[in-house]
Every structure is written in C-alpha cells, then in structure tokens.
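A structural walkthrough
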Amino acid sequence: MQVALVGLGVMGKNLALNLIEQGMTLVAYDKNPDAGEELLSCAKLQGMADRLHIVSDLADMVKRLTPPRSILLLVPAGELVDKVCNELVEAGVDCDDIIVDCGNSNYKDGITRKLKYQNKFEFATMGISGGAEGARHGPAMMASGSEGGWERVEPWFEKVAASYKGESCFARVGQSASGHFVKMVHNGIEYALMQLIAEMYQLLRLGTNRTPHEVAEIFNQWSEGSLNSYLLSISSHILSLETDEAEALVDLIDNKVGAKGTGLWTAQNALELGIAVPSLVAAVQARHLTNTGDTHAAKEMTYAAKATSQVELDLDELKDAFLFASLLAYRQGLALIKGASRAHQWKVDLSKTLQTWRAGCIIRADYLDNIAEGVEFIDTLEKESLALRKVTGQAMMTGLAFPVLSSTQTYFATLTTPSNGHLVQAQRDYFGEHGIKTHSGEVCHLTDLVDIDAKVR
C-alpha cells in the first residue's frame, strides 16, 4: 500500500513511523526540510527507511504516487488546509484521489471543503486522538464519509490504529465531516474529565489537607479498580513526582491553563444545537477563569482572596461521586453527537464512536462499557447519584471552586427532579407576551388564565 503524508510535526512524524512500521510505503512532505530529515533519520535508526521517500515539493509527491492516490494532511487547522489542497490540485491530483484532513479542523470547514473540492478530488475527514505516543503506537481514529477512496486505505488504518480486545479503534463513524465533530466532542469530554480530576485533587488537597503524594495514592487505588482510565493514571503519576529537594512538581507550576479551541467549539455547537452539556461548558469556562488577569475585563474580575474551610470526606463516597460525574460527562458528549447527527443527517453510529475511544485516545477508560449501556444503566446507580449530591454539597461548603462537579450535579438534578421552568415561562410572558404552554398543551397568555388588573411597572 502506498500513501502520502503532508505535515511532519510531532503528530505527523510519529504517525509516519507508525504507517511505515505497518508495512505501508510512505511519501512524506513538510515545508520545513529539517522535519523531513528528522523523520528519515528516525526511520533509518529503526530499520524502516526503505519504505520512506522524503520529497521537496508537492508536485514531486503527486508524481511518485500511483493513481488513485491517498494523501493524508496533518497540518494546522484553518487557511493552511485550503492552501495545501489548492497546491495539490495544481500539482495534479484528480477526482479519484482521496485527501484526508487528519488535523483538528472545525467540522464546518470540512463540510465546506467537501463541496468546494467535489469535482477535483475526494475530500474526507478523520479525527485522531492519542497525542504523539498514540500516533506512533496506535491512536484512536474517527473517520467519516462514504468516499470510495476509503476502501483502499481502511484495512491499513485498522492496523495503524490502537486495538481493544482484538477490535480496531479505527472506524468510519458517520457521513460528511462527522469524524471531526466526533473528535471535537471527544476533546470536550476530555476537558471535563481533566477538570473533574483536578477538582477531586483540589478537594482532597485543600479540603482535607492531604499532600499531593497522598492524593496520588488515592487516585492510584481508584485506577486499580473499575475507575481505571488514562487521565486518572497520568494524574496519579504527575502528583507523585517530586524534585530532588522533595518539592511536589505540581507546586512549581503556574495555574494558567491554555487551550487549542476544540473545547470552545464544543460549547459553541452545543448552544447552537440547543443541547445541554453543562459539564463540558463549565470545563471550558474554568480554563478561561484561570486567565482572567490577561483579559480586558481583568479589573472587573479581580476580587479579594477569601479563606476556605476543610471538610470530612468519606473516600468511598468521593469515589462513587467521581465515577457518576465521569459517566455523565460522557453521556452529555454522546447526546451532543447524536443531536448533531440528527440535525446534519450524518447517521453517526454511537457504538462505532465508542469503539474508537476504547484504546489509544486520551479519554479511554475501562468503564466505557457502562456508558454504552446508556440511560438505563445510569438509572441503576442510586448509591452513586446520592454520593454525587452529598459530595457536591460538601465541596461547595469549603468555599473552593468546583465548576464541573457542581454543573454535573445540577445537570442530573434538572433532568430527574421537578423543574422550575413554569415560573420562567410566566416571567417571559409577563414582560414580553411570549406565550405560555399549560399542562394540557394549550398555548396562551397569562391574561387568558387569570385577571391582571395592572402589571408591575
């Protein structure tokens, strides 16, 4: 099998080595010649250079490929993707060739490009998760589209991707650019899980006066059981790290958190589609809040420091609360994917989506089987739901911030307890005559139900 790869950054280089190792002949290009030389050097050290061809321009790349061509792009999202696509058209690609955008592009750009290039080549999208390590040894690969070109490369990508119990973590999850949407939501869930773990750490560290090493031991115990996940495992490892002077690594790190944009896109698309994912949105806003000092509204968002309190925690209840909140973060993400699939007619297969997340990706966890069981399984977790309620109350009493924990409890409570929406409906109609809907299904106004002599002015 012959494939080309444009973009030899950290992800591109590692994916290239993975492709070669799996038996593919690779033609690779990067506008930075040093990146090509570095890849060639790595391939030589690993005895795989005979299947690698580094080219100096895209025209040479196209000439070296036997039609129909398969070309992967791992370049920064945005204008650069279109620039490379246009250059490939000029270099001689044709309508039977498939070009797969494997970067973190916005799915809306994927939809636009699919139409833009439909008579020039087959444009497809694929989200890749797992970082550099995953790209090298087996990532999660969320592809999309029905292009015939996929049939040429799909068997090979099934080998390149991670595997879980004999099943590949590569799948075409749905139509159009749904692969990038699924990867975007994957990252939104990732934000929520990372923040939730940080909140568990904060509660144990400042709420119960434990050391980072002691918190690491608790996380490690959780990881040895049903809570095993990649993010919890790396968090345990990070918290156990100390300098030669026995200083905890985490105490040397600034609190400002960066972001690449996919979490923000998740929040924006959820709002546009009218699908509530409060845990994911709270995680994005939590990162924004760490950077308030750099905003134009910094002065208006700076308040005096406040004292916090400590609490007595039952560690079994804390574990149950963490599990339940984690499950709900995934469920929110899947609801967003399902809603988008319906709105865009993508026919996304959620079982295939979950299969791609089983191994190789950042949000892999042993309890994904439970998530696949759906709402029916969540409804059986009475002990865990009560633990989430209790722990959230205790956490808030410390005075510390728990945006994802509290948002998750609010999300679940809103969907499982009596709503207050009737009063909000009445408020809207009172001042704006937007109408109300009664329990009988009648649509009317307040004044149709009761006499109002004079409204409050």
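I will try to describe carefully the structure that is included in this document.

Rules used in this analysis
Residues numbered from 1 in each chain as written. Predicted model: local features only at pLDDT ≥ 70, side-chain atom pairs only at ≥ 80, totals over all residues. Heavy atoms only, no water. Helix = DSSP H or I, 4+ residues; strand = E, 2+ residues; numbered from the N terminus. Buried < 20%, exposed > 50% of the residue type's maximum accessible area, 1.4 Å probe, protein only. Contact = heavy atoms within 4.5 Å. Areas by Shrake-Rupley, 256 points an atom, 1.4 Å probe, with all protein chains shown as cover. Lys, Arg positive; Asp, Glu negative; His and termini not counted. Charge placed at Lys NZ, Arg CZ, Asp CG, Glu CD. Core = buried A, V, L, I, M, F, W, Y, C linked by side-chain atoms within 4.5 Å. Pairing = 2+ DSSP bridges. Axes fitted to C-alpha atoms, helices over the stretch in contact; angles between N-to-C directions. 1 Å grid on protein atoms, 1.4 Å probe; cavity = no way out; pocket = protein on both sides within 12 Å on 5 of 7 lines; lining within 4 Å. Points joined across faces, edges and corners; volume = space filled by probe spheres on them. Nonpolar A, V, L, I, M, F, W, Y, C, P; charged D, E, K, R; others polar. Salt bridge = Lys/Arg side-chain N within 4 Å of Asp/Glu carboxyl O. Parallel < 35°, antiparallel > 145°, perpendicular 65-115°, else oblique. Patch = residues over 30% accessible without salt bridge, like charges linked within 9 Å, V, L, I, M, F, W, Y side chains within 5 Å. Expected span 1.5 Å × (residues − 1).

**Details of the overall build of the protein chain**
Along the backbone of the protein chain there are 20 helices and 12 strands. Viewed in the frame of its principal axes, the protein chain has a C-alpha envelope of about 80 × 65 × 45 Å. Counting only residues that meet the buried cut, the protein chain has 49% of its 457 residues in that class. Of all intrachain contacts in the protein chain linking residues separated by at least 6 positions in sequence, the fraction that spans at least 24 positions is 72%. A total of about 22,600 Å² of accessible surface is found on the protein chain, and carbon and sulfur atoms cover 51% of it. Each charge class in the protein chain was averaged separately, 41 positive and 57 negative side chains, and the resulting centres sit 4 Å apart.

**Notes on the nonpolar core**
Membership of the largest hydrophobic core comes to 79 residues, with the highest contact counts inside it found for F181, F219, W222, Y330 and W357. When sequence neighbours within four positions are dropped, the list of residues in contact with W222 reads M200, L227, N228, L232, L315, L318, K319 and F322. Of all hydrophobic cores here, the second largest spans 34 residues; its members include L19, M24, M48 and I98.

**A look at the sheet that holds strand β6 (residues 122-129)**
Overall, mixed pairing links the eight strands, which are arranged β3-β2-β1-β4-β5-β6-β7-β10 in an open sheet. With one partner strand each, in any of the chains shown, β3 (52-54) and β10 (170-174) form the two edges of the open sheet. In this sheet, neighbouring strand axes are inclined to one another by 25° on average, regardless of whether the strands run parallel or antiparallel. Note that β6 and strand β7 (residues 140-144) share five bridges and pair antiparallel. Within the sheet, the bridge partner assigned to I128 lies in β7 and is M141. Its contacts with the sheet place helix α8 (residues 178-207) against β5 (98-101), β6, β7 and β10, and it is angled at close to 20° to β6.

**Topic: unusual backbone geometry**
In the segment running from P67 into P68, the intervening peptide bond is cis, with an omega of -5°. Considering the arrangement of structural elements, one finds P68 in the loop between α3 (58-64) and β4 (70-73). At S176, a residue that is not glycine, the phi angle is positive and equals roughly 50°. Here S176 lies in the loop between β10 and α8. A positive phi angle, near 60°, is found at Q345, a position not held by glycine. You can see Q345 is positioned in the loop between α13 (315-344) and α14 (350-356).

**Digging into the layout of surface pockets**
As a volume, the largest pocket reaches approximately 1,700 Å³. Along its surface, the largest pocket is lined by 41 residues, and Q195, A198, N255, V257 and T290 are the ones closest to its centre. At the level of elements, α8, α10 (230-240) and α12 (278-289) are the ones that each hand at least two residues to the lining of the largest pocket. In terms of residues, the lining of the largest pocket owes the most to one element, α8, which gives 10 residues. Looking at the lining of the largest pocket, its residues break down into 23 nonpolar, 11 polar and seven charged. Taken as a whole, the second largest pocket holds about 950 Å³ of empty space. Taken together, 40 residues make up the lining of the second largest pocket; nearest its centre are M11, L74, P76, N104 and K260.

**Points about the side chain of T353**
In this structure, T353 sits in helix α14. Not counting chain neighbours up to four residues away, the residues in contact with T353 comprise V173, V182, I337 and V348.

**What about the pattern of salt bridges?**
Enumeration over the complete set of coordinates arrives at 16 salt bridges. In this structure, R113 engages D82 in a salt bridge whose closest nitrogen and oxygen atoms are separated by 3.2 Å. Remark: D82 occurs in helix α4 (residues 79-91) and R113 occurs in helix α5 (residues 107-116); sequence separation between them is 31 residues. Here R113 falls in the buried class, since its relative accessible area comes to 3%. Notably, a salt bridge pairs R113 with D101, separated by 3.8 Å at the nearest N-O pair. A residue pair is termed long-range when its members are at least 10 positions apart, and R113 in helix α5 and D101 in strand β5 qualify at 12 residues. Of the two residues examined, R113 and D101, each falls in the buried class. What emerges from the salt-bridge pattern is a single network uniting D82, D101, R113 and K116.

**Comments concerning the packing of α8 against helix α18 (residues 403-416)**
A pair of packed helices can be characterised by two numbers: the angle between their axes and the separation between those axes. One way to put it is that α8 packs onto α18 with a least axis distance of 8 Å and a crossing angle of 110°. Here α8 is positioned roughly perpendicular relative to α18, judged by the angle of their axes. Residue-level contacts link A192, Q195, L196, E199 and M200 of α8 to P403, V404 and L405 of α18.

**Overview of a nonpolar patch on the surface**
Nonpolar side chains collect at one region of the surface, where I238, L241, L249, L252 and I253 lie side by side and expose about 400 Å² of accessible area between them. Examined against the element boundaries, L241 turns out to sit in the loop between α10 and α11 (262-273).

**Concerning α8**
Since there are 3.6 residues in each turn of an α-helix, residues three or four apart along the chain are aligned in direction. When the terminal C-alpha atoms of α8 are compared, their 42 Å separation across 30 residues agrees well with the 44 Å that a helix rising 1.5 Å per residue should span. Burial runs high along α8: 25 of the 30 residues are buried. After α8 finishes, the residue N209 shows a positive phi value of roughly 65°.

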